[in-house]
Amino acid sequence: MADESSRTPVTAADVEHSVRLSVTALRAGLGADWSVKAGSLEWDCWETVEHLSDDLFAYAAQLGPAQPPLDGDVPFLWEAKRPGGPRNAVHADRAAGPAGLLQTLEASGALLTAMVRTTSPQVRAHHCFGVSDPEGFAAMGIVETLLHTHDVAQGLGLVWAPPGGLCDRVLARLFRDVPDDQDRWQVLLWATGRADLPGRPRPERWRWYGEPLGSGTRTR
């Protein structure tokens, strides 16, 4: 488990930075075919960015109520547009094209950034991988952003390599027992079943741990 005393916390600025990097990278593919599969996912590139926008929105919304739920999600209606597609509350207008889709990503990222920046660190809210705090939701949003940008970049043939420091901070906050002596982006890909590491089998199942390090579960 990460050492709380030595790690660098994840911040709202990190969320903002990760989304900005993602949008900049994906804008290079505006003229590409967004109906192709996103990396190893069963979703296409459009659906994957839509899902990412929905993740960021949902994490922001989870922190929003005066008494955030500790045993379930804020009850927005999540639904898929096709069998096997992602179940989202956020759906982008296809008529707006990929540029409009990326606007939904920017907007959802801004919502999470604002909520992390303005919510008390003592607030706790439900997530299926552990009741978490604003920093945890920030880290979760960054992981979703880095990984799904990777998936879409693979599908569209784009280059994507996020900063190692950003990867290191979210690894320290959310992931237990990961190597600390190898490239941080490759470790994050490995920890989420997307890459191999020398001498280590790729995880067949993986998760992160959202619970705050070294603290209990509290509401407002």
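Residues numbered from 1 in each chain as written. Predicted model: local features only at pLDDT ≥ 70, side-chain atom pairs only at ≥ 80, totals over all residues. Heavy atoms only, no water.

K.L.:
Explanation requested: the overall build of the protein in the structure shown.
P.N.:
Across its full length, the protein holds six helices and zero strands. Mapped in sequence order, the helices and strands of the protein form the string α-α-α-α-α-α. Since a compact globule built from 220 residues should have a radius of gyration of about 17 Å, the 17 Å found for the protein is in line with a globular shape. When the backbone C-alpha atoms are referred to their principal axes, the protein occupies close to 45 × 45 × 30 Å. In the protein, once contacts between residues fewer than 6 apart in sequence are set aside, the share between residues at least 24 apart is 70%. Approximately 10300 Å² of the protein is accessible, and the part contributed by carbon and sulfur atoms is 52%. For the protein, the separation between the mean place of its 21 positive charges and that of its 28 negative charges on side chains is 2 Å. (Helix = DSSP H or I, 4+ residues; strand = E, 2+ residues; numbered from the N terminus. Rg over C-alpha atoms; globule rule 2.2 N^0.38 Å. Contact = heavy atoms within 4.5 Å. Areas by Shrake-Rupley, 256 points an atom, 1.4 Å probe, with all protein chains shown as cover. Lys, Arg positive; Asp, Glu negative; His and termini not counted. Charge placed at Lys NZ, Arg CZ, Asp CG, Glu CD.)

K.L.:
What is the right way to read the pattern of salt bridges from this model?
P.N.:
All told, the structure shown has twelve salt bridges when counted by the stated rule. Two residues, Arg169 and Asp14, come together in a salt bridge whose shortest N-O distance is 3.0 Å. In this pair, Arg169 sits in helix α5 (residues 164-174) while Asp14 sits in helix α1 (residues 12-27), placing the two residues 155 residues apart along the sequence. When its relative accessible area of 22% is taken as the criterion, Arg169 is described as partly exposed. Of the residues examined, Asp14 reaches a relative accessible area of 9% and is grouped as buried. With a closest N to O distance of 3.5 Å, Glu135 and Arg173 form a salt bridge. Taken together, the positions of Glu135 in helix α4 (residues 134-156) and Arg173 in helix α5 put the pair 38 residues apart, joining distant regions of the chain. Residue Arg173 is classed as buried on the basis of its relative accessible area of 2%. When salt bridges that share partners are traced, they join Arg7, Asp133, Glu135 and Arg173 into one network. (Salt bridge = Lys/Arg side-chain N within 4 Å of Asp/Glu carboxyl O. Buried < 20%, exposed > 50% of the residue type's maximum accessible area, 1.4 Å probe, protein only.)

K.L.:
Hey, could you run me through the confidence of the model for the protein in this one?
P.N.:
For any part of a model where pLDDT is low, the fine detail of the predicted coordinates should not be relied upon. Summarising the model, the protein shows a mean pLDDT of 94, and 95% of its residues fall at 70 or more. The model gives residues 216-220 a pLDDT under 50, and that stretch makes 17 contacts with residues more than four places away or in other chains. (pLDDT = per-residue confidence, 0-100.)

K.L.:
What should I look at first to understand the nonpolar core in this one?
P.N.:
Within soluble globular proteins, side chains that are nonpolar generally end up buried alongside one another. With 55 residues, the main nonpolar core has Trp34, Leu105, Phe175 and Leu188 as its most contacted residues. Of all elements in the fold, only α1, α2 (45-62), α3 (97-118), α4, α5 and α6 (184-191) reach the threshold of two or more residues within this core. The dominant element in this core, judged by the number of residues it contributes, is α4, at eleven residues. Residue contacts for Trp34: discarding those within four places in its chain leaves Leu26, Gly29, Asp44, Cys45, Trp46, Val49, Pro98, Leu101, Leu102, Val152 and Leu156. (Core = buried A, V, L, I, M, F, W, Y, C linked by side-chain atoms within 4.5 Å.)

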